[in-house]
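Take a look at the letters that make up each chain.
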Amino acid sequence: MSDKPQFNLFAIYVFFLFILYPSCTEYPVFTPSALVVKYGDPANVTCVVCQKDCSGDASGLEHTVGKVSQNGTTMFWTVDRLTEWGISLHCYYNNDAGNQCTSILNPTLYRKYPPESVSISFVNHTEMMFENQQYTLQCSVQNVAPVQSLTVTFYRGNTALGHLQSDSEQKKPVNETFTLNITPRREDDGAQYWCESKLELRPAGPQRPPVVTSEKLPAIVHYVITITEGDTLHLNCSSVGNPSPSYTWTLPLNSSPSYSGSVLTIKSVGFEHEGQHICTVSNTVGTVTKEFNIDVQSECCQILPGK
């Protein structure tokens, strides 16, 4: 191996570029550093171009809307009504070496009102669900901006199931759809699914983020209750209402007569009780039903003495 020193030509090239064309020692400073504006509201920012190494003749603030005034190396940008989406402000100066030093501010514009509507539904499904099968919830948000700041949360009752955000780069108001897979359990029967949209614009945005919620989507989960012949069966259909509700049970054809309480009890289950038991709950406001599907199994093999 040679003992001669090795030189990196690219490093030498970069070194001489740095000597001949020094980089910016400072950059323009915007105040505020982040700008969040409600659609149609006035807005203004200040840009201090630099503290040294520049002159007012070699600086500026590029803009597509509003107007700019200047006092020395300080720029003042104002607009009476900001209604243009996706604008950028470029504040710059040229240093003594002829390099342009630039800072960019991208104001965030959000709709004057929250999303027009938020709705929830199931994807390609309208009937009752079956226990332990997968389904897809869909939350649709209409006319929202900026969608990058939108967070959508799916709920089952008061339990949050998931938080989702858009990967869209669109600045103007858009319609956006979010989906979440769920696998219902029998405990979820009668639960209500819903979703919530929130524009997270802090710290520069409003202190209370705009929030819109969907309607409640009730879940009907089909499942089978398996019980052994001769065991006791309790079916609870208790409900709360004002005025107090009444209960009517519809039982399989071969079983005992109808029952009118909130809890149906069968002390010794037989095969005649197999099938669908329907509880109807009513008051002067309305009527709801709940279904119980019963599967009766034979008592397993008895072990005879001496065998």
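Residues numbered from 1 in each chain as written. Predicted model: local features only at pLDDT ≥ 70, side-chain atom pairs only at ≥ 80, totals over all residues. Heavy atoms only, no water.

For the protein, the name recorded in an unreviewed UniProt entry is Ig-like domain-containing protein, with Maylandia zebra as its organism.

Caption draft 1: Broad picture of the pairing of strand E3 (residues 43-48). Only one face of E3 is covered, namely the one carrying Ala43, Val45 and Cys47; the face carrying Asn44, Thr46 and Val48 has none of its residues buried. Judged from the three bridges that link them, strand E1 (residues 29-31) and E3 form a sheet pairing that is antiparallel. When the bridges of E3 are listed, phenylalanine 30 appears paired with cysteine 47. As defined by bridge partners, E3 adjoins strand E6 (residues 74-79) across six bridges and the pair is classed as antiparallel. Pairing of threonine 46 across the sheet is with phenylalanine 76, part of E6. (Buried < 20%, exposed > 50% of the residue type's maximum accessible area, 1.4 Å probe, protein only. Helix = DSSP H or I, 4+ residues; strand = E, 2+ residues; numbered from the N terminus. Pairing = 2+ DSSP bridges.)

Caption draft 2: View of a negative patch on the surface. A surface patch of like charges, here negative, comprises Glu229, Asp231, Glu272 and Glu299. Looking at the element boundaries, glutamate 272 is found in the loop between strand E23 (263-266) and strand E24 (275-282). Owing to a relative accessible area of 37%, glutamate 272 belongs among the partly exposed residues under this scheme. (Patch = residues over 30% accessible without salt bridge, like charges linked within 9 Å, V, L, I, M, F, W, Y side chains within 5 Å. Areas by Shrake-Rupley, 256 points an atom, 1.4 Å probe, with all protein chains shown as cover. Salt bridge = Lys/Arg side-chain N within 4 Å of Asp/Glu carboxyl O. Lys, Arg positive; Asp, Glu negative; His and termini not counted. Charge placed at Lys NZ, Arg CZ, Asp CG, Glu CD.)

Caption draft 3: Looking closely at the pattern of salt bridges. Summed over all chains, the structure comprises four salt bridges. Note that glutamate 131 is salt-bridged to arginine 186, the shortest N-O span being 3.0 Å. You can see glutamate 131 sitting in the loop between strand E11 (129-130) and strand E12 (135-144) and its partner arginine 186 sitting in the loop between strand E15 (174-182) and strand E16 (192-199), a full 55 residues away along the chain. Here arginine 185 and aspartate 188 are joined by a salt bridge, their closest N and O atoms 3.3 Å apart. The exposure class assigned to arginine 185 is partly exposed, which follows from its relative accessible area of 39%.

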